[in-house]
Amino acid sequence: MRRTKRKLRAAVIAAASAALLAGTVALAPGAGAVTPMWATAQYDCGTLGRTTADFTAAQNGTDATITVELPGITAPVTIPAYTMTTTLVLYDTTTGEPTTFTGTLSNPTLFAGDPLDSGPLEGTVELGQSLDTVGGVYGLNFVMLGITFSCRAATPLFPGPFVF
């Protein structure tokens, strides 16, 4: 009898937990889920050379963030947190219209030799919108140590595009 009560108790707890989780999900705001969450593309950054850019995207409704890391471009000296400004422009795959993501003073601390990391860049998207790197002249600009660097996308996102 003791074993039966334990199984019954476990079943009741599991059922209650599932119902609670289902209710929580049902009440959650329309968050949306960007796919893929991670992608890469090649960029030509002029005097800094050609490099791979790694993108990590997240979405909450129409608010989106993208973090850009450029492993092939490293900080020449320590760059304190919140001292770099980054702008990323992605293009709608249907209309060609640009969507801008900005990070004003959003970078983490970068030590000499660390890959360039934008920190979170914020932008507004439409649900179902499909965005890619190729479509404009300069898609990635950053101001580091008072110098502006501009990079042009050389390839589309892989395995992109980002669909919000």
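A brief look at the structure comes next. Just so you know, these numbers come straight off a predicted model, no measurement behind them. (Residues numbered from 1 in each chain as written. Predicted model: local features only at pLDDT ≥ 70, side-chain atom pairs only at ≥ 80, totals over all residues. Heavy atoms only, no water.)

## Some thoughts on the side chain of D117
Keep this limit in mind: Helix and strand definitions follow DSSP, with helices as H or I runs of at least four residues and strands as E runs of at least two, each counted in order from the N terminus. Accessible area is worked out with a 1.4 Å probe on protein chains only. A residue is then buried under 20% of its type maximum, exposed over 50%, and partly exposed in between. Under the convention used here, Asp and Glu are negative, Lys and Arg are positive, and both His and the chain ends fall outside the count. The term salt bridge refers to a pairing of a side-chain nitrogen on Lys or Arg with a carboxyl oxygen on Asp or Glu at a separation within 4 Å. Whenever two N or O atoms come within 3.5 Å, that pair is a polar contact, provided that in protein one can donate a hydrogen and the other can accept it, and provided that, for residues adjacent in sequence, both atoms are side-chain atoms.
As for its position among the elements, D117 is in strand β6 (residues 115-124). Buried D117, no salt bridge; nearest opposite-charge side chain is R50, N-O distance 21 Å. At 2.9 Å, the side chain of D117 and the backbone nitrogen of G119 are in polar contact.

## Looking at the side chain of T99
With respect to the element layout, T99 can be found in strand β5 (residues 98-104). One polar contact links T99 to Q129, side chain to side chain, over a distance of 3.4 Å.

## A closer look at the state of the cysteines
For clarity, the threshold we go by: A pair of sulfur atoms, both from cysteines and within 2.5 Å, is called a disulfide here.
Tallied over the full model, the rule gives one disulfide. Covalent S-S linkage joins C45 and C151, the inter-sulfur distance amounting to 2.0 Å. In this structure, the disulfide formed by C45 and C151 twists by about 115° around the S-S bond and is classed as right-handed. Taken together, the residues C45 in the loop between β1 (38-44) and β2 (50-60) and C151 in strand β9 (residues 147-153) connect sequence positions 106 residues apart. Comparing C45 with C151, the two get one shared label, buried.

## A closer look at empty space enclosed by the protein
Going by this rule: Any residue with an atom within 4 Å of a point lines the site, the site being either a cavity, points on a 1 Å grid over the protein atoms alone where a 1.4 Å probe fits but cannot get out, or a pocket, an open set with protein on both sides within 12 Å along at least 5 of 7 lines. Grid points are joined across faces, edges and corners, and a volume is the space filled by probe spheres set on the points. Under the scheme applied, nonpolar residues are Ala, Val, Leu, Ile, Met, Phe, Trp, Tyr, Cys and Pro; charged residues are Asp, Glu, Lys and Arg; polar residues are all the others, including Gly.
This structure, assessed with the given rule, holds one cavity of 30 Å³ or more. Taken together, V68, L70, M84, T86, L116, D117, S118, L140 and F142 make up the lining of the largest cavity. Contributing elements (two or more residues each) for the lining of the largest cavity: β3 (63-74), β6 and β8 (140-144). If one sorts the elements of the lining of the largest cavity by residue count, β6 sits on top with three residues. Of the residues that constitute the lining of the largest cavity, the class distribution is six nonpolar, two polar and one charged.

## So, the environment of A57
Under the convention used in this document: Every residue pair with non-hydrogen atoms within 4.5 Å of one another is taken to be in contact.
Assignment of secondary structure puts A57 in strand β2. Along the backbone, A57 and P120 are 63 residues apart, and their C-alpha atoms lie at a distance of 9.0 Å. If we skip the residues at most four places from it in the chain, A57 touches V34, M37, T65, I66 and F162.

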